[in-house]
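Remarks on the overall topology
The residues making up each chain are set out below.
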Amino acid sequence: MSGPLKGMKVVEMEGLGPAPLAGQFLSDLGAEVTLITRKSGKPDPTDINNRGKRSVALNLKAPEGIEAALRLIERADVLIEGFRPGVMERMGLGPDTCQTRNPGLVYGRMTGWGQTGPMAQMAGHDINYLGLTGVLNAIGKKDEPPIPPLNIAADYAGGTMFLLLGILSALFERQSSGKGQVIDAAMVDGAPALLALVHAMIARGRWGEERESNWLDGGAPFYRTYECADGKYVSVGPLEPQFFSQLVDLGGLPEHHKATQYDETSWAQRRESYAKLFKTKTRDEWTAIFDGTDACVGPVLSWSEAPGHPHMQARGVFTDVGGVTQVTPAPRFDRTPPGPVGAPPAPGADTDSVLAELGYDADTIAGLRDSGVLT
């Protein structure tokens, strides 16, 4: 185990989506992450979110299973859970119980709606959280329904990344106080926080409510994607005049467009004329024309194409683990680089060894297994 987080001990409760990704990122950067899972099983090399972790299978409906979990939590720096509010308390693993056993524990809670509020107990997914924040309404074409941006914006950008920010902030504060604290990471908090720039433009009267009418939502002809002659696409994004000037020169656009780049009354017509222009060549032909320039034009690659791009290969962005293509750890560190990406463990694969570390002898472990505490 190597990386800047070497020595950090994390316990993660098995779940879906944002919390497992947070555990993956911590593990990628060197933390020892032990996953408490519901049941033992076979290894799955495609289970990327659990790569590099240890896995313990416990029956948390049994008092002995709860006690084993608490012993593990006693030795941890961080606990991560992504259940609805109150679930951990009902299991006997709520913050009060865990921090009584481990006062320095940073208790990270990941939900969509948050721990409090009238919707806290409702089910939801990325699209619902984005809908409540105003973000979803801003994405898509003007005369069509809003388009969900996969589940990146709420689940992972507004969820995972803010959970990690909270955890690392609390660990920093613990250095002076010696105390842990509870992190309430809610996607409805994080997703809109990412749009500070847009909120600033709204306050200045420079961003409208209508989709595809603003700088960054496809309204500007110089910030959108265009279809090419081969049915593939290029991304075009020269926001600044000096970059837009290169787009005009290299793309063969009218010279007077440089002086009227920000004239919104021209945008609709220019979107159409730019679309016709980009359909005259293939994606790769346009890529070659703009390669090495500041015109901010690049290819829109498919999942299968991205790993083979020369820039992605030069940086080693993608790797292969057990025949599964996946992304290497990010960000990069010069003194404490993370080690090679580890394979996901089989669920429950580390149960016996972890319990032995906690002081359970072989006979006790065998008895717990016979009684169904170890699943």
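We now turn to the structure provided with this report. (Residues numbered from 1 in each chain as written. Predicted model: local features only at pLDDT ≥ 70, side-chain atom pairs only at ≥ 80, totals over all residues. Heavy atoms only, no water.)

Overview of the sheet that holds strand E3 (residues 54-57)
Pairing within the open sheet is parallel, and its six strands lie in the order E3-E2-E1-E4-E5-E6. What marks the edges here is a single partner per strand, and that holds for E3 and strand E6 (182-186). For this sheet, the mean angle separating the axes of adjacent strands, direction not counted, is 20°. Note that strand E1 (residues 9-13) and strand E4 (residues 78-81) share three bridges and pair parallel. Residue Val11 lies in a different strand from E4, and its bridge partner there is Leu79. Set on the sheet, helix H2 (residues 63-74) makes contact with E1, strand E2 (32-37) and E4; between it and E2 the angle comes to about 165°. (Pairing = 2+ DSSP bridges. Helix = DSSP H or I, 4+ residues; strand = E, 2+ residues; numbered from the N terminus. Axes fitted to C-alpha atoms, helices over the stretch in contact; angles between N-to-C directions. Contact = heavy atoms within 4.5 Å.)

A look at the pairing of E2
Here E2 lies mainly inside the structure; five of its six residues are buried. Running through helix H1 (residues 18-28), the crossover from E1 to the neighbouring parallel element E2 is right-handed. In terms of strand pairing, E2 meets E3 through four bridges, oriented parallel. In the strand pairing of E3, Ile36 is matched with Val56. (Buried < 20%, exposed > 50% of the residue type's maximum accessible area, 1.4 Å probe, protein only. Right-handed = clockwise from strand over helix to strand, strands pointing away.)

Thoughts on the pattern of salt bridges
Here the structure, examined in full by the defined rule, presents 21 salt bridges. Across the salt bridge formed by Glu212 and Lys141, the nearest N and O atoms sit 3.7 Å from each other. Residue Glu212 is found in the loop between helix H8 (196-203) and strand E7 (224-227), and its partner Lys141 is found in the loop between helix H5 (126-133) and helix H6 (152-177); the two are separated by 71 residues along the sequence. One connected set of salt bridges, linked through shared partners, spans Lys9, Glu32, Arg54 and Glu357. (Salt bridge = Lys/Arg side-chain N within 4 Å of Asp/Glu carboxyl O.)

Thoughts on the environment of Ile202
Secondary-structure assignment places Ile202 in helix H8. Along the chain, Ile202 and Ile365 lie 163 residues apart, while their C-alpha atoms are 60 Å from each other.

Details of the sheet that holds strand E8 (residues 233-236)
As summarised here, the arrangement of the three strands in space is E7-E8-E9, forming an open sheet in which the pairing is antiparallel. Whereas interior strands pair on both sides, the edge strands pair on one side only; in this sheet they are E7 and strand E9 (297-300). Neighbour-to-neighbour, the strand axes of this sheet turn through a mean angle of 30°, independent of strand direction. Note that E8 and E9 share four bridges and pair antiparallel. Counted as the bridge partner of Tyr233 is Val300 from E9. Across the sheet, helix H10 (residues 267-278) lies against E7 and E8, angled at about 45° from E7, the strand it touches most.

Description of the layout of surface pockets
The calculated volume of the largest pocket comes to roughly 1,600 Å³. It is E7 that contributes the most residues to the lining of the largest pocket, four residues altogether. Among the residues forming the lining of the largest pocket, the class breakdown is 28 nonpolar, eight polar and 10 charged. Quantified by volume, the second largest pocket comes out at close to 760 Å³. Together, 27 residues line the second largest pocket, and Leu21, Gln24, Phe25, Met161 and Val327 are the ones closest to its centre. Elements supplying a minimum of two residues to the lining of the second largest pocket: H1, H6 and strand E11 (324-327). Here the lining of the second largest pocket gets seven residues from one element, more than from any other, and that element is H6. The residue makeup of the lining of the second largest pocket, split by class, is 20 nonpolar, four polar and three charged. (1 Å grid on protein atoms, 1.4 Å probe; cavity = no way out; pocket = protein on both sides within 12 Å on 5 of 7 lines; lining within 4 Å. Points joined across faces, edges and corners; volume = space filled by probe spheres on them. Nonpolar A, V, L, I, M, F, W, Y, C, P; charged D, E, K, R; others polar.)

Quick word on unusual backbone geometry
For the bond running from Ala330 to Pro331, omega is 0°, close enough to zero to count as cis. Backbone geometry at Glu212 places phi at a positive 60°, although glycine is not the residue there. With phi around 60°, Cys296 is a residue other than glycine that occupies positive phi space. With respect to the helices, strands and loops of the structure, Cys296 is situated in the loop between helix H11 (283-290) and E9. Under the relative-accessibility criterion, Cys296 is labelled partly exposed at 34%.

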